[in-house]
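Descriptive structure summary
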Amino acid sequence: MAAQQLEWMWLDATETVTLSELARCCGMSTMELDELVDYKALPPMASEPTQLPLMFERVFSAEWVTPLRKVSQLRQTYDLDLFTVAMLLNHMSRIEELERQVRTLEAQLAHLPKHGYPD
Amino acid sequence: MKYKDYYAVLGVPRDADLDQIKKAYRKLARQFHPDVSKEPNAEAQFKEAGEAYATLKDAEKRAAYDQLGKRAEGQEFSPPPQWQQDFGGANRGGAGASFDDIDLADLFAAMGRARAGGQASGQGAHFGGERQEMPMQGRDYENTVSISLEDAHHGRNLNLQLADGNSTRSLEVTIPPGVREGQKLRLRGKGGKGYNGGADGDIYLHIVLLPHAVFRTDGYDLYFDLLLTPWEAALGAEVQVPTLDDPVLLTVPAGTRAGRKLRLRGRGLTNATKGADGVKGRGDLYALIRIDIPATLSERERELYQELAKLSTFNPRAHVATNAHKPKQEKAHGSTTT
């Protein structure tokens, strides 16, 4: 079977997603995402014009896609309310940042091989 | 159709209120979640609790379920004739379809879908009436991809095999140079097919870098331990060091102490993001200085070390000896009360 060539998108701060696209990615409604913005759990970037004249849509960093998908899944599993989801999102962002710091420190720690470089 | 006692599954009485039901479900979901539980039947128990909760948390579904009355677990029964008619009309293209090949979970899931369809068409619905086909987004796939540091640096093509219903699909994804540990990629619309006009699902790839024998990563920067002999550290030296490309000569300055970091600018991982000048940058390579000694000494080496020991006035522990009983001088903070 011939393999299909694909286009991809980084899910990090170099890319952006619109509110509706983010809602599609994480299985939440745009109103629910707006509520997360109101709770300061999901910071929007600038608004972008939509296809409709004089209409603007909120834009977010694509780095929010993965944590939002995770919390959305937890929300479904444990039937969590949206405020809890907002708190969870904050804590997950904090954990991710701490994990990044741990990786940085681990990289800078010595890992001495017994005799020079391994083969 | 086999009867399932959803109250028993959740361990709540039949007159339990919604709070009790939710609490019981959450407890079971936490206990049997496949990510948490090591019990062999955890997944089945988790699914069963979810099925029970989906029915009992919904007032309309719960009322319909309660109509069935209390029966023994697994007992064969026939749902009320009206259900048969409604369900058949909504789901089988005609009234009076049989319930033989479905279970209770399918029945209540159909009820939820039918109600959503009824709401969409402005009608109240039990199992259906004139049920409208709702657009359903295709399934998303999540995959963790482990690649070597060299592949992250140079880029590579990945061949993904995806189970799609009864068949498998092959997808080729080009991972560009400059992938970092923990980065995520989204392949839009390449997941499962959508239904009734719903969008196709996506594929999410989580990149994990395999441990490397020499280098450790911190974002686009690389770290490695550069082992020096005592005389290289004291006198300085030019040493050949590995990079992800070809080895390079690194000048170690005289008097280099253990723990210092020497930076080789632009010898780290390729940064996929272009800088302000429109050119892709690279991280740096850091050599962490460690000083090593031979495990055994020759006679002559021992003599030379002994001579050095007599000659040298260097005491690396002088600071410790002077300050052993002094508290660390720190900036005072906090408030004092009188």
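Residues numbered from 1 in each chain as written. Chains lettered and ligands numbered in written order. Predicted model: local features only at pLDDT ≥ 70, side-chain atom pairs only at ≥ 80, totals over all residues. Heavy atoms only, no water.

1. Things to note about the domain arrangement of chain B
Residues and elements named next belong to chain B. For clarity, the threshold we go by: Start and end positions for the domains come from either an automated domain assignment or a database one. Throughout, a contact is declared for two residues whenever any of their heavy atoms are within 4.5 Å. A 1.4 Å probe defines the accessible area here, and the buried area is the portion of it lost by two parts on being joined, summed over both. Criterion for a salt bridge: a side-chain nitrogen of Lys or Arg within 4 Å of a carboxyl oxygen of Asp or Glu.
Once the domains are mapped, chain B shows domain 1 (6–118), domain 2 (141–209) and domain 3 (216–311). Each of domain 2 and domain 3 was reduced to a C-alpha centroid, and the two centroids are 37 Å apart. Contact with domain 2, which involves 11 residues of that partner, is made by 11 residues of domain 3. Summed over both partners, the interface of domain 2 with domain 3 buries about 900 Å², with 64% contributed by carbon and sulfur atoms. Summed over the shared surface of domain 2 and domain 3, the result is zero salt bridges.

2. Some thoughts on the interface of chain A and chain B
Interfaces are often sized by the amount of accessible area the parts lose when they come together. Basically, it comes down to this: What qualifies as a polar contact is a pair of N or O atoms within 3.5 Å, subject to a donor-acceptor requirement within protein and to the restriction that residues adjacent in sequence count only when both atoms come from side chains. Strands are runs of DSSP state E lasting at least two residues, helices are runs of H or I lasting at least four, and both sets are numbered from the N terminus onward. The nonpolar class holds Ala, Val, Leu, Ile, Met, Phe, Trp, Tyr, Cys and Pro. Asp, Glu, Lys and Arg form the charged class, and all remaining residues, Gly among them, are polar. Two strands form a pair only when DSSP identifies at least two bridges running between them.
Listed per partner, the contact involves 39 residues of chain A and 52 residues of chain B. Summed over both sides, the interface between chain A and chain B buries roughly 4,000 Å², with carbon and sulfur atoms accounting for 52% of that surface. Here chain A is connected to chain B by five salt bridges. Across the salt bridge formed by E142(B) and R69(A), the nearest N and O atoms sit 2.7 Å from each other. Where chain A touches chain B, the interface holds 17 residue pairs in polar contact (both at pLDDT 80 or more). Secondary structure elements with two or more residues in the side of chain A that touches chain B: β1 (4–5), β2 (9–10), α1 (19–26), α3 (65–78) and α4 (82–108) of chain A. Of the residues contributing to the side of chain A that touches chain B, the split by class is 19 nonpolar, 10 polar and 10 charged. Pairing of β2(A) with strand β4 (residues 184–187) of chain B, which is carried by two bridges, proceeds in the antiparallel orientation.

3. A few points about the packing of α3(A) against helix α2 (residues 18–32) of chain B
Quick reminder of the rule: Only the stretch in contact is used when fitting a helix axis, every axis being a line fitted to C-alpha atoms; angles between N-to-C directions are given from 0 to 180 degrees. What sets the label is the angle itself: under 35 degrees gives roughly parallel, over 145 gives roughly antiparallel, 65 to 115 gives roughly perpendicular, and the rest give oblique.
Where α3(A) contacts α2(B), the two axes come as close as 9 Å, and the packing angle between them is 125°. Of the possible angle classes, the one that applies to α3(A) and α2(B) is oblique. Between α3(A) and α2(B), the residues in contact are Q76(A), T77(A) and Y78(A) and Y25(B), R26(B), A29(B) and R30(B), respectively. The residue makeup of the contact of α3(A) with α2(B), split by class, is three nonpolar, two polar and two charged.

4. Structural notes on the packing of aromatic side chains
Quick note on the threshold: Under the pairing criterion, centres of Phe, Tyr and Trp rings, with the six-membered ring standing for Trp, must be within 6.5 Å; the plane angle then separates stacked pairs below 30 degrees from edge-to-face pairs above 60, leaving the rest tilted. The buried label goes to any residue with under 20% of its type's maximum accessible area, the exposed label to any with over 50%, and the partly exposed label to all in between, with areas taken from a 1.4 Å probe on protein chains only. Counting as a charge over the ring demands two things of the Lys NZ or Arg CZ atom: a distance within 6 Å of the ring centre and an angle within 35 degrees of the ring normal.
A complete count under the given rule lists seven aromatic pairs over all chains for this structure. Their ring planes at 20° and their centres at 4.9 Å tell us that Y6(B) and Y65(B) sit as a pair that is stacked. With Y6(B) in helix α1 (residues 6–10) and Y65(B) in helix α4 (residues 59–67), the pair connects residues that are 59 residues apart, well separated along the chain. Residue Y6(B) is classed as buried on the basis of its relative accessible area, which comes to 1%. Residue classification places Y65(B) among the buried residues on the basis of a relative accessible area of 0%. A centroid spacing of 4.2 Å and a plane angle of 0° characterise the contact between Y25(B) and Y53(B), whose relative ring orientation is stacked. Separated by 28 residues along the polypeptide, Y25(B) in helix α2 and Y53(B) in helix α3 (residues 42–56) bring together distant segments of the chain. Each of the two residues, Y25(B) as well as Y53(B), counts as buried. Among the aromatic residues, those joined into a ring-pair cluster are Y3(B), Y6(B), Y7(B) and Y65(B). For R69(A), the ring lying beneath its charged end belongs to Y204(B), and the centroid distance is 3.8 Å. One Lys or Arg, K261(B), reaches over the ring of Y286(B) and ends 5.7 Å from the middle of that ring.

5. Examining the environment of G197(B)
When you line up the elements, G197(B) lands in the loop between β4 and β5 (203–209). Considering only alpha carbons, one finds G197(B) and A110(B), 87 residues apart in sequence, at a separation of 19 Å.

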